[in-house]
Amino acid sequence: MSNPSLSRGELVRYVLIYAAVAVLVLFTCVPILWLVIMSISSAQELTAVPLHWIPKSPDFSRYARLLGLTSDGSENIFLPALRNSVITAGGATLVAMAAAIPAAYAMSRRNAPRAMLFVMLATFMVPPITYALPLYTGLGKIGLLNTSAGLIIIYSALLLPFAVWLTKTNIDILPVSLEEAAMLDGAGTLRIMWSVLLPIARPALVAAAMLSFLTAWDEFFYALLFTSDLRAKTLPVAIADFAAGRVTDYGMVSAIGVLAAIPPVILAIFFQKSLIAGLSSGSVKG
Amino acid sequence: MALSMTRDERKTPLEAWVLMAPALAILAVITFYPLLRTLYFSFTDAQISAAGTSGNFVGFDNYAYAASDAGFHAALIRTIVFTVSSVALETVMGVAVALLLNQEFKGRAIARTAIILPWAVPNIVNAMMWRLIMNPEYGALNAALTQTGILGAYRSWLGDPSTALAMVIFADVWKNFPLVAFVALAALQTVPSELYEAARIDGAGPWSRFRFVTLPGIVAPLLVAIVLRSIEAFRVFDIIYVMTRGGPIDSTKTVSFYVYQTYFSYLDAGTGAAYAVIVALLSAVMISGYILVIRRQEAK
């Protein structure tokens, strides 16, 4: 054996681990890789039987068209939908966090009844279809159907419960001594939240905001019901429309999918630690 | 001692309510009010129209109709099949992957990043991606299976009522098992290693170590993840909408889709609302399960 420090049993163990990891990584990465390949293959290659797997010459023209760098005269759905998605997800995250931080503080430090947290979580767990019709008629009455503002209001309610929960669990584990010192100095609650709590809780708040943003970025059901054209349609709805239409160019559908996946994938990779901590803190710490 | 009151025995100060007011106001308008309106609609024969949605009181007629509607029952059963299969597969795969990634090996960080990818891909992109892969004429799945000789001829995976639901479940599992894996992985790191040592000294094999040390150590957080995933899977809509639109021959029509069509294709607000209330009640059972699990965990 080439490596004398490795016993036979250890070697077998490593071979098994790496084999399993290889299968796992292929399972998660190959479909995504294929989506990317489809987006840069020619339409002929994609409809060839037997299928042509590797494109002869990668074709990035679809990305150029979607990003508005070149135009073929057809309507560009990507950029307006992207703008709507950024506005809607960003706006809803801001509103939700602004309401969630004081609520979480009340639960963690001001003895708000614990039942309130459960009531909030329960609203999040009721299926959206239960709220759908009254929200639809309500938005119609106040003229907010097919507007980003309408979606922001709805989404903020969708994001709030989880944001409150995550923020509360994270404030719970912070020491109270700093806040007590500030209180003795005569600082009021708002001042304590703003200048004592926010700075030390920032990593946790960033994680909560990030998860909220991703949830809103992903939302489809309400966006499908409450928007009707590119004035407010978000990316998920634009993609669903596009995939359902009689598109012959599967590469174009793939390219939009790749572009829509890039922001969340980048966020997920760079903020891996805090996202995973955020996702599991609720379950592990209770 | 009379002086040492626990937190919960103290009175809630007015300030706490003021701090919670914005959050509660948003939730009241966007969730409580619609919930009550839906309940109200469910007792009327309201139709959705441009002129406004209103109708006459019809008592429990809509519920009686829901109780006898075979289509609704089939959709409910399909949703339960979807929820149970998806969540069971996600749990088994999630725990297995967590056990694997909890081992010491070079490149573990890369493997962890690789499993975060499916979770990060947006729902709709996930559905669209699998729809393209499972395309009957040009899809990569057919091509790969026939070129390797596993499959004799191309199949219409999403167009065949006997395979469509399984394919949608597959797409859901691919996207969501990482979530269970993260939770299980975080929980595994809280299991004290001395317990494993002790079990090993007692002569416990790998299976008994898993059964009597690992599993009890991660079961509580895992349960929370399972209930949360079930609540989410029960409302499945996005991937169905993109992958199959409920077809073929209704074989993937889940309750959310069924209610959606009753509302927005048949414009029947009364019947749709009654379905929606029933769906909400079924979810409430799962939500109480969730609260029970959390409470029990806190009591420990």
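Every value quoted in this text rests on a predicted model; they were computed, and no experiment measured them.

Focus: the overall build of chain B
Scanning chain B for helices and strands turns up twelve helices and zero strands. Put simply, chain B runs from its N terminus to its C terminus through helices and strands in the order α-α-α-α-α-α-α-α-α-α-α-α. Per-residue burial for chain B yields a buried fraction of 47% across its 300 residues. Within chain B, contacts between residues at least 6 apart in sequence are counted, and of these 70% link residues at least 24 apart.

Digging into the UniProt feature "domain: ABC transmembrane type-1" (unreviewed entry) in chain B
UniProt's feature table lists "domain: ABC transmembrane type-1" (unreviewed entry) at residues 76-292 of chain B, given in the numbering used throughout. Between the end C-alpha atoms of residues 76-292 of chain B there is a gap of 24 Å, over a span that is 74% helix and 0% strand.

Section: the interface of chain A and chain B
Contacts between the two partners involve 77 residues from chain A and, on the opposite side, 81 residues from chain B. Per-element tally for the side of chain A that touches chain B: the top contributor is helix α1 (residues 8-39) of chain A, with 13 residues. Across the side of chain A that touches chain B, the residue classes break down as 60 nonpolar, 14 polar and three charged.

Focus: the UniProt feature "transmembrane region" (unreviewed entry) in chain A
When the UniProt feature table is mapped onto this chain numbering, "transmembrane region" (unreviewed entry) sits at residues 12-37, 86-105, 117-136, 142-166, 192-217 and 250-271 of chain A. From the first C-alpha to the last, residues 142-166 of chain A spans 32 Å; its make-up is 76% helix and 0% strand.

As for the confidence of the model for chain B
All names here are of chain B. Counting all residues, the mean pLDDT for chain B is 86, and 94% of those residues have values of 70 or more. Segment residues 1-8: pLDDT under 50, and three contacts once partners within four positions in sequence are set aside and those in other chains are kept. With a pTM of 0.88, the predicted complex shows an ipTM of 0.87.

Digging into the nonpolar core
Judged by nonpolar contacts, the single largest core of 183 residues is most densely connected at A:Ala100 and A:Leu160. Here the element with the most residues in this core is helix α7 (residues 164-188) of chain B; it accounts for 18 residues. Here this core spans two domains, and each of domain 1 (8-66) and domain 2 (78-285) of chain A adds at least three residues to it. Residues contacting A:Leu160, with those up to four places away along its chain left out, are A:Ala96, A:Ala99, A:Ala100, A:Met120, B:Ala23, B:Ile26 and B:Leu27.

Here's the deal with α1(A)
With 32 residues, α1(A) extends 46 Å from end C-alpha to end C-alpha; this agrees with the ideal 46 Å at 1.5 Å per step. The largest bend along α1(A) measures about 35° and falls at A:Cys29, with the proline A:Pro31 one to four residues further on. Here α1(A) has its buried residues at A:Val21, A:Thr28, A:Pro31, A:Ile32, A:Leu35, A:Met38 and A:Ser39. Buried residues in α1(A) make contact with α2 (43-46), α3 (61-66) and α12 (250-270) of chain A together with α3 (70-101), α4 (108-120) and α5 (123-133) of chain B.

The rules we used
- Residues numbered from 1 in each chain as written.
- Chains lettered and ligands numbered in written order.
- Predicted model: local features only at pLDDT ≥ 70, side-chain atom pairs only at ≥ 80, totals over all residues.
- Helix = DSSP H or I, 4+ residues; strand = E, 2+ residues; numbered from the N terminus.
- Buried ≥ 20, exposed ≤ 12 C-beta atoms within 10 Å, placed from the backbone.
- Contact = placed C-beta atoms within 7 Å.
- UniProt positions renumbered as here; feature names shortened; annotations may be inferred.
- Nonpolar A, V, L, I, M, F, W, Y, C, P; charged D, E, K, R; others polar.
- pLDDT = per-residue confidence, 0-100.
- Core = buried A, V, L, I, M, F, W, Y, C linked by C-beta atoms within 7 Å.
- Domains from an automatic or database assignment.
- Expected span 1.5 Å × (residues − 1).
- Bend = angle between axes of the 7 residues up to and from the residue.

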